[in-house]
Amino acid sequence: MGSIGVLLLSQVAPYLEQELNKRYNLFRLWDYPKKSHFLTQHGASIRAVVGRSTSGADSELIDALPNLEIISSSGVGVDKIDLIKCKEKGIRVTNTPDVLTDEVADLTIGLILALLRRICECDRYVRSGNWKRGDYKLTSKFSGKTVGIIGLGRIGTAIAKRAEEETHHIINREVISALGPKGFLINIGRGKHVDEPELISALLEGRLGGAGLDVFENEPHVPEELLGLENVVLLPHIGSATVETRTVMADLVLGNLEAHFLGKPLLTPFI
Amino acid sequence: MTEQNNSNSSNEESQNNNNLPKVFLHVPPKFSFVLPPNPSHNFHILNPGGLPSLHQFIAADPHHASSIAAIVCSNVYPVTADLLQLLPSLRLIFTPTAGTDHVDLSECRRREIQVAGIGNLFSEDVADMAVGLLIDVSRKISAADRFLRTQLQPSSWDFPLGSKLTGKKIGIVGMGKIGSEVAKRLEAFSCKISYNSRNKKSSISHPFYSSVLELATNTNVLILCCALNDETRHIVNKQVMLALGKGGIIVNVGRGGLIDENELLRCLIDGEIGGAGLDVFENEPHVPKELFSLDNVVLSPHAAVLTSESFNGISKVVEENLKAFFSNKPLITPAMLV
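Residues numbered from 1 in each chain as written. Chains lettered and ligands numbered in written order. Predicted model: local features only at pLDDT ≥ 70, side-chain atom pairs only at ≥ 80, totals over all residues. Heavy atoms only, no water.

(A) Just the sheet that holds strand S1 (residues 5-8) of chain A, in detail. All names here are of chain A. Strand order in the open sheet formed by five strands is S2-S1-S3-S4-S5, and the pairing between neighbours is parallel. Of all strands in the sheet, those bounded by a partner on one side alone are strand S2 (25-28) and strand S5 (92-94). Adjacent strand axes in the sheet meet at a mean angle of 20° when their direction is disregarded. Pairing between strand S4 (residues 70-74) and S5: three bridges, direction parallel. Bridge pairing in S5 links Ser 72 to Thr 94. (Pairing = 2+ DSSP bridges. Helix = DSSP H or I, 4+ residues; strand = E, 2+ residues; numbered from the N terminus. Axes fitted to C-alpha atoms, helices over the stretch in contact; angles between N-to-C directions.)

Below, the structure is given as structure tokens:
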């Protein structure tokens, strides 16, 4: 299989990169100064694309890879892959569901607690020496609060289990106003689920109590206005980012590729 | 006529007060909210607002000291044997704190002074903080938040991976109300719970280990939820930390004195343990500055009970206990005498 051309779209965990390199003829997109140059030269030899959910695979890229058979994505979101195009062209798409469910749910509870109890701010308070001048202020209790979960899939359900609270499905465009100055928003889904400019002005004007964000509309760009706020917790899309889980995800990516090229059923097909 | 009536009624009032048992607020004035003025009518607060202080009060007239039947204290002013010596009529100490290590409990027992505490008012908040600190250390939440706020806009996010919490083996030291609230929460994360406590608890189905060393040997995480006393001082020492191991995490929401702090520092710096989430320290508010440069620790300024909800509940518990005590009824939330 060492002659099969695989295109790696963005940096992944070293383990995955090493294994791909061992098994296939690996091309790293960032090694080439011009994407168009790479595609003209090598596009025809690419039979598989590997990336993270943030790399995606748009229509332009797919069209430039005439021999593309499978996109194996590390992550569960497939929103950046042109699925319609893939379906039309019979290109298989796999992701890594289930293996990261616990991880994202754990982080979500961590985000809620960090936000309501101001844990990151407390940590800053101690490190800056401010504790010598006086106690930290009162924060908000978490236990007993009502949690609304948008998207009650595998991850949403796992969050509910940890929060142990009755959940109700909020389907409301005006959710930010409805949450109000004592409400908190946690986003571990996709940045585009939230109107970011609206969220920012709500936070700056005190119309929303606070936000815990693992995702942003334009990663890795974080709106500057958020950087100085103490009622937000900002994370660089680390929902599934543990050594354990990224290794399991990598194994799934590799397993899907292997199954495809050996003509066996895919492990976790999305299409 | 009116004047006379007024002075008669105020005389009457102070006479009534004279007959009521006397309660003294032995707290800094900023904590005087723990017992607002004019509560129940079966006791009288000598210093509403927390002023004068106890020492000012006794200095003004030593006879005053013998009038005090109950004090409400805080962990800011320790209640020592010397202090108790000054209060011959004292029958009750109320401490609205999660811990009682600032009160000389054996001296109280000797003098037959009852001690009441805050009961379970803070337990949920302390347990939430323990879980919050654990997830933060495991998943590097504070470090990640710091990373995003302090670096210039990059073209990509290169941030180190954390470690998985679901399914981890958790060792809880102290299975009182706080310890069981922590266990309950981490069970929902499919963690495997075991514990060490002074005594095995028949109501708890999780495995019991008779020493903290054994507990550390068999778990990946230690969460300290026990009281500080002579038996538990430095209960987490070098041996325990080495047994916990290089990936191990320690969370402390008990008292700083439960851990040998110098040894903890060494183990963190040398990589002998994986990380620590600390809400308490041996010498608060002093925190060893070597901790400030570490990304695998999360530091909190003894804030586990600092929620509006917990604080708003305090005065009610204080008042209910004082009312019960002075009606010769059992205390609502007696503190465990060690």
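Alright, that's what it looks like, and here's the rest.
(B) Summary view of the interface of chain A and chain B. Each side of the interface is counted separately: chain A has 58 residues, and chain B has 61 residues. In this structure, the connection of chain A to chain B is made through six salt bridges. One salt bridge in this structure joins Asp123(A) and Arg146(B), with 2.9 Å as the shortest N-O distance. Applying the counting criterion to the chain A and chain B interface returns 31 residue pairs in polar contact (both at pLDDT 80 or more). (Contact = heavy atoms within 4.5 Å. Salt bridge = Lys/Arg side-chain N within 4 Å of Asp/Glu carboxyl O. Polar contact = N/O pair within 3.5 Å; in protein donor to acceptor, adjacent residues only side chain to side chain.)

(C) Seen up close, the packing of aromatic side chains. Applying the stated criterion across every chain, the model contains twelve aromatic pairs over all chains. Each ring, one from Phe24(B) and one from Phe57(B), has its centre 5.0 Å from the other, and the planes form 45°; the classification is tilted. Taken together, the positions of Phe24(B) in strand S1 (residues 22-26) and Phe57(B) in helix H2 (residues 54-60) put the pair 33 residues apart, joining distant regions of the chain. In this structure, Phe24(B) and Phe57(B) share a single accessibility class: buried. Taken together through their ring pairs, the aromatic side chains of Phe27(A), Tyr32(A) and Phe38(A) make up a single cluster. (Phe/Tyr/Trp six-rings, centres within 6.5 Å; stacked < 30°, edge-to-face > 60°. Buried < 20%, exposed > 50% of the residue type's maximum accessible area, 1.4 Å probe, protein only.)

(D) Looking closely at the domain arrangement of chain B. Residues and elements named next belong to chain B. Domain parsing of chain B yields domain 1 (2-121 + 308-336) and domain 2 (123-154 + 161-299). Domain 1 puts eight residues into the contact, and the matching count from domain 2 is six residues. Across the domain 1 to domain 2 interface the summed buried area is about 620 Å²; carbon plus sulfur atoms make up 38%. Applying the counting criterion to the domain 1 and domain 2 interface returns one salt bridge. As a salt-bridge pair, Arg 255 and Asp 101 come within 3.0 Å of each other at their nearest N and O atoms. Scanning the region where domain 1 abuts domain 2 turns up three residue pairs in polar contact (both at pLDDT 80 or more). Taken together, the residues that form the side of domain 1 that touches domain 2 break down as two nonpolar, five polar and one charged. (Domains from an automatic or database assignment. Buried area = accessible area lost by both parts, 1.4 Å probe. Nonpolar A, V, L, I, M, F, W, Y, C, P; charged D, E, K, R; others polar.)

(E) Expanded view of the packing of helix H6 (residues 123-139) of chain B against helix H8 (residues 177-187) of chain B. Residue and element names in this part refer to chain B. Packing of H6 against H8 brings their axes to within 8 Å, and their N-to-C directions diverge by 50°. Between H6 and H8, the crossing angle belongs to the class labelled oblique. Crossing of H6 over H8 shows right-handed handedness. Of the residues in H8, those in contact with Ser 123, Glu 124, Val 126, Ala 127, Asp 128, Ala 130, Val 131 and Leu 134 of H6 are Lys 177, Ile 178, Glu 181, Val 182, Arg 185 and Leu 186. For the contact of H6 with H8, the residue count by class is eight nonpolar, one polar and five charged. (Parallel < 35°, antiparallel > 145°, perpendicular 65-115°, else oblique. Left-handed = near helix turned anticlockwise from the far one by under 90°.)

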